[in-house]
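As a plain string of letters, each chain reads:
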Amino acid sequence: MDTIGNTSRKGVDTIEATSRNAPPTNLVTSEATSEDVAHTGVTSESIGDATPTMKQEPKQGQQLCNMKILNVNFQSLKNKKEELAVLIESTEPSIIIGTETWLNSSVYTSEIFPPNYNVVRKDRQDGYGGVLIAVRRDLVYNIIKNKKVVLWIGGDFNLPDINWEDLSVSGHSNPVPLNNRFLDMIENCNMQQMVSSPAHGDSTLDLFLTNRPTLINKCTLLPGLGDHDIVSIDSDVSAKRCKPVKKKIYLWKKANLSDMKRDCRLFQQDFLIKYCEQSSGDVPEDWKKAAVVPIFKKGERCKAVNYRPVSFTSIVCKTLEHIVCSNILDHLDNHQILSETQHGFRKRRSCTSQLLHTIHDLSNSIDSRNQIDMILLELSKAFDMIPQGRLLHKIQFYGIRGNTHNWIKEFLTDRSQRVVLDGCTSHTSSVPSGVPQGSVIGPLLFLLYINDLLDRVSSESLVRLFVMTAARVYRNVASKEDADCLQKD
C-alpha cells in the first residue's frame, strides 16, 4: 500500500475504523483507466469506536451513528460544487469515496467541500484521475495498527470483463490474467463484491468490496454527477461522534451575592477615583481587546465573507460607553446635528419609520401621476472600512472635543482582536481601521461618519438612511435632465 507522496500502479486510499468489541473497518478507494491502472496512496487513519450496532448498545454519554458511504465517480469535481452540495444535503453521507476528481494543487479542498468534512485527496500531475476520501468531521479518528479489521474497498476499477454473478471473465477490455489476478485477490482476502447493478451503461465498473458482507444493509444506485451512477452503501457499522467542546457555565444561584455586591462597590469607588476624576482620556489595554464571533448572514456557510464579525468587549467598558453615548446624543439633539433622514440607532426611529416615510413619498408621486426613480444602495463592510483619522476629524467638527474626543481616539487606536469559535481561538491581530461591531459606541460613530452624506445630494432628490443596511435615493423624474441629476447624486 502506498503512502502520501508515492504513486504506484496499484495504489489505494485507506481509512480504518476500530472498536473494542468488534473488528474495525478499513475503507479503501481505488481508480483505474483503460490505458493505465493508475492509483494513488493515502495515509491510514481510523474512525474510533466503530462497531456493528446489532452487537453493541451505545454506552451512556456515547453517541453512535450508522455509517452511509457514497462511492462517486465525479468526472471532474472542480465545476460541480453546487451538485456536490445538493448530494451531501440530500443523502448526508458519513464517508464519500471519490474517483476521477480531476483536481490539482491550485484547487483548495475548502473551495469544493463544506467545512463539516475532513478530506484526504491525492491528485494526479496530469490533471486527470485523482482520488479522495471525505469523512464527516464529527466522527472520531484514531491512528491504529490493528490488522483484524472490517475491510471496505471502493472505487472505479474499470474491470468491465468480469461477470460478478458467477465471477467469470468475458471480453477483451483488459488482459485475462489481470482479471483473474483480481478475482484471486478477492478470494484470498475472503471478500465479496456488493454492487449488483451496472453503474456505467451495461458495465459494472464501480465496485464496493468487503470481508464482512453481513454488516452491509443495502447497496443502491443514485443519479450520478458524471456518466457513472453513484453507489450508495448503508452499513450497520457505527462510529463514535466527537464530543462537543466543553464550555464553562457559571451557576449563579450558588454565587455569594453579598461578596459580589461588596466587590462591586469597592470597584466603583476605585474606578471613580482613579479613572473618571483623574483620567485625561486613557483607555485600559484590556478594553481594546475583542473576541470576534462570526454570525452567519446569508449565502454559503463555507465562505467567510457570508459571516458578520461581532466583537465581544469588556462589560465594564460597555458601561462607560453607555455613559459617553448618552452625553454625545444629548449634545447632538440639542444642536440638531443629526440628519432628519437618518433612522438608524436613534430614539423613536427605526427601519419601520424609514419605510413609512418612503412609502408616503412614493404614494404621493403615484397619486400625482409622476414618475419616480429610485436607487438602492448598500455600503459593504461599512463598519470595518471607516478611516479612523477622518472619523476623528468629523466628530471634532461636530463639537465633540476635549477629554471625550481623546477617549474616543484612544478607544479606536491600537485595538486587537481574535476569533473565537467552539471554544477555540485564533492568533491575535491588530485592527487598523473601522469601529468595532458589537460595541455600544460603534453605531453612533458610524452614524456621525455618514451624517454629511446629504451634502453631496441635490435638493430635489430625497434620501432615506438606515445606517449601512438601507440607503434609498429617489426623485421625481419629468425629463432626461432629472434622470441625469439622479445618476450624479
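Every value quoted in this text rests on a predicted model; they were computed, and no experiment measured them. (Residues numbered from 1 in each chain as written. Predicted model: local features only at pLDDT ≥ 70, side-chain atom pairs only at ≥ 80, totals over all residues. Heavy atoms only, no water.)

A. Broad picture of the overall build of the protein chain. Helix and strand counts for the protein chain come out as 9 helices and 26 strands. Classification of the 489 residues of the protein chain by burial places 43% in the buried group. Intrachain contacts of the protein chain at a sequence separation of at least 6 include 66% that bridge at least 24 residues. Accessible area of the protein chain: about 27900 Å², with a carbon and sulfur share of 52%. (Helix = DSSP H or I, 4+ residues; strand = E, 2+ residues; numbered from the N terminus. Buried < 20%, exposed > 50% of the residue type's maximum accessible area, 1.4 Å probe, protein only. Contact = heavy atoms within 4.5 Å. Areas by Shrake-Rupley, 256 points an atom, 1.4 Å probe, with all protein chains shown as cover.)

B. Inspection of a nonpolar patch on the surface at higher detail. On the surface, a nonpolar cluster with roughly 490 Å² of combined accessible area is contributed by Tyr 250, Trp 252, Leu 257 and Met 260. Inspection of the secondary structure assignment puts Leu 257 in helix H3 (residues 257-276). (Patch = residues over 30% accessible without salt bridge, like charges linked within 9 Å, V, L, I, M, F, W, Y side chains within 5 Å. Salt bridge = Lys/Arg side-chain N within 4 Å of Asp/Glu carboxyl O.)

C. Here's a closer look at the confidence of the model for the protein chain. Mean pLDDT over the protein chain stands at 77; residues scoring 70 or higher make up 80%. Every residue in residues 1-64 is under pLDDT 50, and counting partners more than four places away or in other chains gives 212 contacts. (pLDDT = per-residue confidence, 0-100.)

D. Region of the structure containing the packing of helix H6 (residues 388-397) against helix H7 (residues 402-412). Two numbers describe how H6 lies on H7: the axes approach to 11 Å, and their chain directions differ by 165°. Put simply, H6 runs roughly antiparallel to H7. For the pair H6 and H7, the crossing hand works out as right-handed. In contact with Gln 388, Leu 391, Leu 392, Ile 395 and Gln 396 of H6, H7 contributes His 405, Ile 408, Lys 409 and Leu 412. By residue class, the composition of the contact of H6 with H7 is 5 nonpolar, 3 polar and 1 charged. (Axes fitted to C-alpha atoms, helices over the stretch in contact; angles between N-to-C directions. Parallel < 35°, antiparallel > 145°, perpendicular 65-115°, else oblique. Left-handed = near helix turned anticlockwise from the far one by under 90°. Nonpolar A, V, L, I, M, F, W, Y, C, P; charged D, E, K, R; others polar.)

E. Just the pattern of salt bridges, in detail. Scanning all chains against the criterion turns up 8 salt bridges. Note that Asp 123 is salt-bridged to Arg 121, the shortest N-O span being 2.6 Å. Between Asp 286 and Lys 289 there is a salt bridge, and its shortest N-O distance comes to 3.8 Å. Here Lys 289 falls in the partly exposed class, since its relative accessible area comes to 47%.

F. Up close: the packing of aromatic side chains. Tallying each qualifying case throughout the model produces 9 aromatic pairs. Summarising the aromatic geometry, the rings of Tyr 250 and Trp 252 are spaced 6.0 Å apart at their centres and angled 40° between planes, so their arrangement reads as tilted. The pair formed by Tyr 250 and Trp 252 is uniform in burial state, with each residue classed as exposed. The rings of Phe 157, Trp 164 and Phe 182 are connected pair by pair, giving a single aromatic cluster. (Phe/Tyr/Trp six-rings, centres within 6.5 Å; stacked < 30°, edge-to-face > 60°.)

G. Representation of the nonpolar core within the structure. Counting 31 residues, the largest nonpolar core has Ile 408 and Ile 441 as its most contacted members. Listed by contribution, the elements that provide at least two residues to this core are helix H4 (315-334), H6, H7 and helix H8 (442-449). Filtering out sequence-adjacent residues up to four positions away, Ile 408 remains in contact with Ile 328, Leu 392, Ile 395, Ile 400, Ile 441 and Leu 445. (Core = buried A, V, L, I, M, F, W, Y, C linked by side-chain atoms within 4.5 Å.)

H. Layout of the environment of Gly 98. In this structure, Gly 98 sits in strand S8 (residues 95-99). Overall, the relative accessible area of 0% leaves Gly 98 in the buried class. In sequence terms Gly 98 and Gly 155 are 57 residues apart; their C-alpha atoms lie 7.1 Å from each other. Here Gly 98 is in contact with Val 72, Phe 74, Gly 130, Val 131 and Leu 132, once residues within four sequence places are set aside.

I. Geometry of the pairing of S8. In terms of burial, S8 is a largely internal element, 5 of the 5 residues being buried. Neither face of S8 is open: one carries Ile 95, Ile 97 and Thr 99, the other Ile 96 and Gly 98, and all of them are buried. As defined by bridge partners, S8 adjoins strand S10 (residues 131-136) across 5 bridges and the pair is classed as antiparallel. Opposite Ile 97, over in S10, you have Ile 133 as the bridge partner. (Pairing = 2+ DSSP bridges.)

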